[in-house]
Amino acid sequence: MCRLSPFVLLFMLGACSDASLKTVNAVPTASINSHADGDEILEEPVTVLFGRVADSNHVASELTVNWYVDGDTVCEDATPEDDGSTACEVALGTGDVTVVLEVSDPKNASTSDSVTFTVNPSLPPEVSLVSPYDGDRYRAGESIEFRGYAMDEEDGIDISVWV
């Protein structure tokens, strides 16, 4: 039969103390869902960027979200919705744009997601007045017929109007 000395027993108890337990803070996750790398979009007065963030150690209301466009902060210190969704409204210039969604938790663990896409200029529709012709003369009380058309190739609209 093997006997353990009290000295060995004390050593084993000391090795199992709570001092060796550590907590691990998981890194949050972030994903941009509104656009993907390589997308091409038309310029709009306001573009909505949206994404989703999560953290296995913290609820969404404890997270902090920042949005960046080409390195400039456009939406700062936002709190995501309860489901982790987050959105940012921004006016984007034309050309290549890099968007970054960054999320941080209360213990300063953070991560980000980024996409680069192209914003193409939006051209105005083409509108023409067909009649009356420049220089036509009409008398008071006489009916005047107006004819015209509008075409917007970007939106696939081609309209002819007679009034």
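These figures come from a predicted structure and were not determined experimentally.

Chemist: Looking at this structure, how should I read the state of the cysteines?
Modeler: The term disulfide refers to a covalent linkage connecting the sulfur atoms of a pair of cysteines. Taken as a whole and judged by the stated rule, the model has one disulfide. Disulfide pairing places Cys-75 opposite Cys-88 at an S-S distance of 1.9 Å. Because the sign of the S-S torsion sets the handedness, a value of about 85° for the bond joining Cys-75 and Cys-88 places this disulfide among the right-handed ones. Here the residue Cys-75 occupies a position in strand S5 (residues 72-78), and Cys-88 occupies one in strand S6 (residues 85-90), the gap between them amounting to 13 residues. Given a relative accessible area of 2%, Cys-88 falls into the buried group.

Chemist: Help me out: how do you make sense of the pattern of salt bridges in this one?
Modeler: Pairs may arise between side chains of opposite charge once their charged atoms sit close together. Counted according to the given criterion, the structure contains two salt bridges. Across the salt bridge formed by Arg-52 and Asp-83, the nearest N and O atoms sit 3.7 Å from each other. Placement of Arg-52 in strand S3 (residues 47-54) and of Asp-83 in the loop between S5 and S6 is noted, with a sequence separation of 31 residues between them.

Chemist: Looking at this structure, how should I read a negative patch on the surface?
Modeler: On the surface, Glu-40, Asp-70, Asp-72 and Asp-96 cluster together to form a negatively charged patch. Of note, Glu-40 is situated in strand S2 (residues 40-42).

Chemist: I would appreciate a short explanation of the sheet that holds strand S8 (residues 110-120) in the present structure.
Modeler: Where strands meet in a sheet, backbone hydrogen bonds hold them as pairs that are either parallel or antiparallel. Strand order in this open sheet of five strands is S2-S8-S7-S4-S5, and the pairing throughout is mixed. Unpaired on one side and paired on the other, S2 and S5 mark the two borders of the sheet. Between one strand axis and the next, the sheet turns by 25° as a mean value, whatever way the strands run. Sheet topology places strand S4 (residues 64-69) next to S5; four bridges connect them, and they run antiparallel. Across the sheet, Val-69 pairs through a bridge with Asp-72, a residue of S5.

Chemist: Is there a simple way to explain the nonpolar core in this structure?
Modeler: Across soluble globular proteins, nonpolar side chains show a tendency to be buried alongside one another. Grouped together as the largest cluster of nonpolar side chains are 20 residues, with contacts concentrated most on Trp-67, Leu-92, Val-99 and Phe-117. Of all the secondary-structure elements, those providing two or more residues to this core are strand S1 (29-32), S3, S4, S6, strand S7 (95-104) and S8. Examining the composition of this core, we find that four residues originate from one element, S7, more than from any other. When near neighbours in sequence (up to four residues on either side) are disregarded, Phe-117 contacts His-35, Ala-36, Gly-38, Asp-39, Ile-41, Leu-92, Gly-95, Asp-96, Val-97 and Val-99.

The rules behind these values
Residues numbered from 1 in each chain as written. Predicted model: local features only at pLDDT ≥ 70, side-chain atom pairs only at ≥ 80, totals over all residues. Heavy atoms only, no water. Disulfide = S-S within 2.5 Å. Helix = DSSP H or I, 4+ residues; strand = E, 2+ residues; numbered from the N terminus. Buried < 20%, exposed > 50% of the residue type's maximum accessible area, 1.4 Å probe, protein only. Salt bridge = Lys/Arg side-chain N within 4 Å of Asp/Glu carboxyl O. Patch = residues over 30% accessible without salt bridge, like charges linked within 9 Å, V, L, I, M, F, W, Y side chains within 5 Å. Areas by Shrake-Rupley, 256 points an atom, 1.4 Å probe, with all protein chains shown as cover. Lys, Arg positive; Asp, Glu negative; His and termini not counted. Charge placed at Lys NZ, Arg CZ, Asp CG, Glu CD. Pairing = 2+ DSSP bridges. Axes fitted to C-alpha atoms, helices over the stretch in contact; angles between N-to-C directions. Core = buried A, V, L, I, M, F, W, Y, C linked by side-chain atoms within 4.5 Å. Contact = heavy atoms within 4.5 Å.

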